Amino acid sequence: MSPDLIAALVKIALLIGGLMTAAAYLVLLERWIAAWVQDRKGPNRVGIPLTDIKLFGLGQPLADGLKFIFKEEYTPAHVDKALFVLAPLVILAAALAIFAVIPFGSVVPDFDIWGYKFTGDAVNLVVAPGVDVGLIYVFALSSIAVYGVILGGWSSNNKYSFIGGLRSSAQLIAYEIPMGLGILGIVLSTGSLRLDAIIGSQAQSGWWNAMTQPLGLLVFTVAAFAEAARLPFDLPEAEQELIGGYHTEYAGMKLILFLIAEFLHMITAALLIVILFFGGWHFWGLTGADDQVTWLGALLRIFVLVTKFMLVVLFFMLVRWSWPRFRFDQLMSLAWKVMLPLGLLNLATMAILVELEANGTLPVGSQGTFALVGWGVMLVGWIGSALVAPLQTDNRPRPGAGGLLEPERLLA
Amino acid sequence: MQATDPDIYWITEPQLGLAGNMYLPLFMQGLTTTVKHLFSPKVTVSFPEERPQIGNPLIYRGVHRLNKDEAGRVKCVACFLCATACPAHCIDIVAAPSPWPDREKYPESFTIDELRCIFCGMCEEACPVDAVELTSLLDLTGRSREEMIFDKEKLLSVYDMTQAAEPMKSLELGNAPSK
């Protein structure tokens with residue numbers, strides 16, 4: 001086996017182990033934050049088994065996992081068995097495979113331990129380094145998650161699951177478009193689909209994309225919330241309306257696969273927001289901008305990335321308790337009437353600016369102008385959309401609105 | 001009723017202003033509330049280690065007790081008012097002629113099924129001699145159903161256990177029973 005292959009296998013093992021642990025502990029964090037926001041204490045009992053050591057409840061994820069493993073793996077008689085089993089596998093496999101191209105830092109220098117060289121070159125902290133279609137790959141795989149949801153909802157042969165699956169498909173398909181539009185601006189200004197190149201260009205100029213393209217950030221963040229099916233967009237599995245949505249009929253390990261995949265979607269969304277808009281591992285004056293790093297520099301970059309990631313995750317979790325769920329028609333009109341035009345506006349702005357830079361009207365590297373125009377366009381677009389097409393909040397039928405309540409239709 | 005009925009009032013929602021239509025101000029309001037609660041003091045009581053604060057033990061409705069009079073005899077006169085008032089039918093009294101000259105009957109057995117009891121306090125309200133009372137003991141546990149059926153001796157022992165901490169409610173509330 002070549003050293004490259006060994007390195008890739010080691011990275012995959014670390015990644016899957018790390019992601020599973022991260023998902024488990026993020027569930028604990030989510031429960032803590034849910035509790036604190038509601039003035040409760042949250043899980044704080046489970047510590048080391050058979051002792052009285054509690055460790056602030058850090059053993060809770062282990063207990064949760066064991067509980068799911070020992071639960072009865074019940075499959076209802078009326079389901080389409082093959083698809084029923086396939087659905088959680090599809091959704092989890094797609095959610096995990098996304099991380100193949102996500103850089104968790106930049107590069108670490110060669111392992112030079114007692115004179116033994118590992119590969120001879122610096123190790124890139126991404127499973128599949130140098131994938132030129134990185135962003136397209138991420139998008140393709142995150143769209144596959146819809147299949148898992150639809151298959152799960154449909155094969156369950158149950159009204160609640162089916163409605164959850166349908167809602168989810170409509171929602172995920174609708175929000176793919178603003179999500180893509182939010183990113184296209186970045187692809188234009190960077191000129192690359194590679195995630196590490198996108199971080200690199202932000203590090204080099206020192207201007208994060210969040211500063212130059214706030215409208216893109218806004219559209220992408222809203223779409224990412226919807227794609228990850230987090231509140232206020234958790235219609236696919238609205239507990240209060242749909243019992244559990246597409247995973248109503250699932251139990252035991254199959255259910256936990258769905259739940260892990262859901263958390264992985266949130267982790268992906270948070271990492272993408274950090275990488276695309278907040279400079280990834282870059283922080284001014286702390287991390288360098290080029291690929292030549294020392295061990296300390298590499299560790300600092302990982303630390304910066306993880307810190308930013310945790311802040312975004314914290315935001316995700318706080319928003320969950322700050323906002324009520326959207327109604328389905330509001331969800332759709334937000335996607336098609338607000339987010340889609342705003343995304344197009346961002347794309348058009350970036351296209352014009354990049355073209356002006358390319359033909360020499362603007363000097364190369366005029367990020368300040370980009371930021372100025374970006375913020376201006378965001379304010380204009382946002383206020384404009386609020387004035388021109390305010391979100392309809394009242395959807396009751398009423399006379400005079402041309403609906404079912406018109407007198408001639410009622411008398412007919 | 002037809003939708004065209006003049007009796008129907010069609011209410012229009014109040015119009016949102018620019019801030020409402022832009023969502024962000026309202027969003028910041030919600031987020032501020034959330035963050036405020038994130039750091040506010042918690043109300044959870046870590047139960048077995050920490051005891052919950054009972055506001056007023058006189059009006060708390062916990063485990064029952066059967067009160068004793070000054071001579072150490074059970075105060076109950078087996079009038080069955082509590083058993084009659086009980087909506088859960090959890091009180092069972094067997095009356096017998098009293099061995100003492102000051103009353104006609106006394107309870108030979110007095111049983112409360114704590115599992116059926118709904119802790120409404122009707123028995124306490126009904127009792128004419130303030131014999132049955134609800135204490136502020138709140139952790140009522142047992143390992144079997146039989147254990148949770150409290151007989152006369154157990155109810156009297158609850159009185160012995162709690163009388164120091166909680167004197168009889170009737171005396172405390174200032175309306176001693178008329179002799």
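Residues numbered from 1 in each chain as written. Chains lettered and ligands numbered in written order. Predicted model: local features only at pLDDT ≥ 70, side-chain atom pairs only at ≥ 80, totals over all residues. Heavy atoms only, no water.

## Looking at the overall build of chain B
Consideration 1: In terms of helices and strands, chain B carries six helices and five strands.
Consideration 2: In sequence order, the secondary structure elements of chain B are arranged as α-α-β-α-β-β-α-β-β-α-α.
Consideration 3: In terms of C-alpha radius of gyration, chain B reaches 27 Å, well past the compact-globule figure of 16 Å for 179 residues.
Consideration 4: With the C-alpha coordinates aligned to their principal axes, the bounding extent of chain B is approximately 85 × 50 × 40 Å.
Consideration 5: Here chain B, with 179 residues, has 36% of them falling under the buried criterion.
Consideration 6: For chain B, the share of sequence-separated contacts (at least 6 apart) that also reach a separation of at least 24 residues comes to 68%.
Consideration 7: Carbon and sulfur atoms make up 58% of the accessible area of chain B, which totals about 11400 Å².
Consideration 8: Across chain B, the mean location of the 17 positive side-chain charges is 4 Å away from that of the 25 negative side-chain charges. (Helix = DSSP H or I, 4+ residues; strand = E, 2+ residues; numbered from the N terminus. Rg over C-alpha atoms; globule rule 2.2 N^0.38 Å. Buried < 20%, exposed > 50% of the residue type's maximum accessible area, 1.4 Å probe, protein only. Contact = heavy atoms within 4.5 Å. Areas by Shrake-Rupley, 256 points an atom, 1.4 Å probe, with all protein chains shown as cover. Lys, Arg positive; Asp, Glu negative; His and termini not counted. Charge placed at Lys NZ, Arg CZ, Asp CG, Glu CD.)

## Here we look at the overall build of chain A
Consideration 1: Broken down by element type, chain A carries 14 helices and four strands.
Consideration 2: For 412 residues, the compact-globule estimate of 2.2 N^0.38 gives 22 Å, and the C-alpha radius of gyration of chain A, at 24 Å, lies within 12% of that figure.
Consideration 3: Each principal axis of the C-alpha atoms in chain A carries an extent, and together these give about 90 × 70 × 45 Å.
Consideration 4: Counting every position in chain A, which comprises 412 residues, the buried fraction comes to 51%.
Consideration 5: When the accessible surface of chain A is summed, it comes to about 19200 Å², and 71% of that surface belongs to carbon and sulfur atoms.
Consideration 6: For chain A, the centre of its 24 positive side-chain charges and the centre of its 29 negative side-chain charges are spaced 9 Å apart.

## Thoughts on the pairing of strand β3 (residues 105-113) of chain B
All names here are of chain B.
Consideration 1: Sheet analysis places strand β2 (residues 91-97) next to β3, joined by seven bridges and oriented antiparallel. Directly across from Asp 92, in β3, lies its bridge partner Thr 111.
Consideration 2: Strand direction decides the pairing type here: β3 and strand β5 (residues 149-150), joined by two bridges, are antiparallel. Directly across from Ile 112, in β5, lies its bridge partner Phe 150. (Pairing = 2+ DSSP bridges.)

## Some points on the sheet that holds β2 of chain B
All names here are of chain B.
Consideration 1: In spatial order, the strands read β2-β3-β5; together these three strands make up an open sheet with antiparallel pairing. In the strand order of this sheet, the two ends are held by β2 and β5, each with one partner.
Consideration 2: Most of the contacts of helix α5 (residues 152-162) go to β3, to which it runs at about 85 degrees, and overall it touches β3 and β5. (Axes fitted to C-alpha atoms, helices over the stretch in contact; angles between N-to-C directions.)

## A short note on the packing of helix α8 (residues 214-227) of chain A against helix α10 (residues 252-277) of chain A
Residues and elements named next belong to chain A.
Consideration 1: At a closest axis distance of 10 Å, the pairing of α8 and α10 adopts a crossing angle of 170 degrees. With respect to each other, α8 and α10 are oriented roughly antiparallel. Contacts from Gly 216, Leu 217, Phe 220, Thr 221 and Ala 224 of α8 reach α10 at Ala 269, Leu 272, Ile 273, Leu 276 and Phe 277.
Consideration 2: The class makeup of the residues in the contact of α8 with α10 is eight nonpolar, two polar and no charged. (Parallel < 35°, antiparallel > 145°, perpendicular 65-115°, else oblique. Nonpolar A, V, L, I, M, F, W, Y, C, P; charged D, E, K, R; others polar.)

## Quick notes on a nonpolar patch on the surface
Residues and elements named next belong to chain A.
Consideration 1: Together, Tyr 25, Ile 48, Ile 53, Leu 55, Phe 56 and Leu 58 make up an exposed nonpolar region whose accessible area comes to about 570 Å².
Consideration 2: For Leu 58, the position within the fold is in the loop between α1 (3-37) and α2 (60-70).
Consideration 3: Classification of Leu 58 by relative accessible area gives partly exposed; the value is 34%. (Patch = residues over 30% accessible without salt bridge, like charges linked within 9 Å, V, L, I, M, F, W, Y side chains within 5 Å. Salt bridge = Lys/Arg side-chain N within 4 Å of Asp/Glu carboxyl O.)

## A short note on the packing of aromatic side chains
Aromatic rings in a pair are described by how distant their centres are and how their planes are angled relative to each other.
Consideration 1: Under the definition given, this model contains 16 aromatic pairs over all chains.
Consideration 2: Judged by centre distance (4.8 Å) and plane angle (75 degrees), the rings of Tyr 250 of chain A and Phe 258 of chain A are edge-to-face. Here the two residues Tyr 250 of chain A and Phe 258 of chain A agree in accessibility, since each one is buried.
Consideration 3: Here the aromatic residues Tyr 175, Phe 225, Phe 233, Phe 315, Phe 316, Trp 323 and Phe 326 of chain A together with Phe 27 of chain B are joined through ring pairs into a cluster of three or more.
Consideration 4: Seen from the ring of Phe 68 of chain A, Lys 67 of chain A lies directly overhead, with NZ or CZ sitting 4.8 Å from the centre. (Phe/Tyr/Trp six-rings, centres within 6.5 Å; stacked < 30°, edge-to-face > 60°. Lys NZ or Arg CZ within 6 Å of the ring centre and 35° of its normal.)

## Section: the pattern of salt bridges
Consideration 1: Applying the stated criterion to the full structure yields 16 salt bridges over all chains.
Consideration 2: Put simply, Arg 194 of chain A and Asp 132 of chain A hold a salt bridge, and the shortest N to O gap is 3.7 Å. Residue Arg 194 of chain A is found in the loop between α5 (159-190) and α6 (195-205), and its partner Asp 132 of chain A is found in the loop between β4 (123-124) and α4 (134-155); the two are separated by 62 residues along the sequence.
Consideration 3: In this structure Arg 194 of chain A comes out as partly exposed when scored by relative accessible area, which is 27%.
Consideration 4: Note on Asp 132 of chain A: relative accessible area 53%, which makes it exposed.
Consideration 5: The shortest N-O distance in the salt bridge between Asp 102 of chain B and Arg 73 of chain B comes to 2.9 Å. Of the two residues, Asp 102 of chain B sits in the loop between β2 and β3 while Arg 73 of chain B sits in the loop between β1 (64-66) and α3 (81-85), which places them 29 residues apart along the sequence.
Consideration 6: Shared partners join several salt bridges into a network, and the residues in it are Asp 69, Arg 73, Asp 102 and Arg 103 of chain B.

## Remarks on unusual backbone geometry
Residues and elements named next belong to chain B.
Consideration 1: Despite not being glycine, Phe 80 shows a phi value in the positive range, around 70 degrees.
Consideration 2: Tracing the sequence through the fold places Phe 80 in the loop between β1 and α3.
Consideration 3: With a relative accessible area of 31%, Phe 80 lands in the partly exposed category.
Consideration 4: Although it is not a glycine, Phe 119 adopts a positive phi angle of roughly 55 degrees.
Consideration 5: You can see Phe 119 is positioned in the loop between β3 and α4 (122-126).

## Side note on the nonpolar core
Consideration 1: Counting 98 residues, the largest nonpolar core has Leu 26, Tyr 175, Leu 195, Phe 220, Phe 233, Leu 264 and Leu 276 of chain A as the members making the most contacts within it.
Consideration 2: Broken down by element, this core gets its largest block of residues, 19 residues, from α10 of chain A.
Consideration 3: Beyond its immediate stretch of four places on either side in the chain, Tyr 175 of chain A contacts Val 222, Ala 223, Ala 226, Glu 227, Phe 233, Leu 331, Leu 334 and Ala 335 of chain A.
Consideration 4: Among the nonpolar cores identified, the runner-up in size contains 22 residues, and Cys 82, Ala 83, Ile 93 and Cys 127 of chain B belong to it. (Core = buried A, V, L, I, M, F, W, Y, C linked by side-chain atoms within 4.5 Å.)

## A word on the confidence of the model for chain B
Keep in mind that low pLDDT regions are not for reading the predicted coordinates in detail.
All names here are of chain B.
Consideration 1: Looking at chain B as a whole, the pLDDT averages 84, with 92% of positions reaching at least 70.
Consideration 2: Across chain B, element-level confidence peaks in α3 with a mean pLDDT of 93 and bottoms out in helix α6 (residues 169-172) with 65.
Consideration 3: Scored by ipTM, the complex comes to 0.74, with pTM at 0.80. (pLDDT = per-residue confidence, 0-100.)

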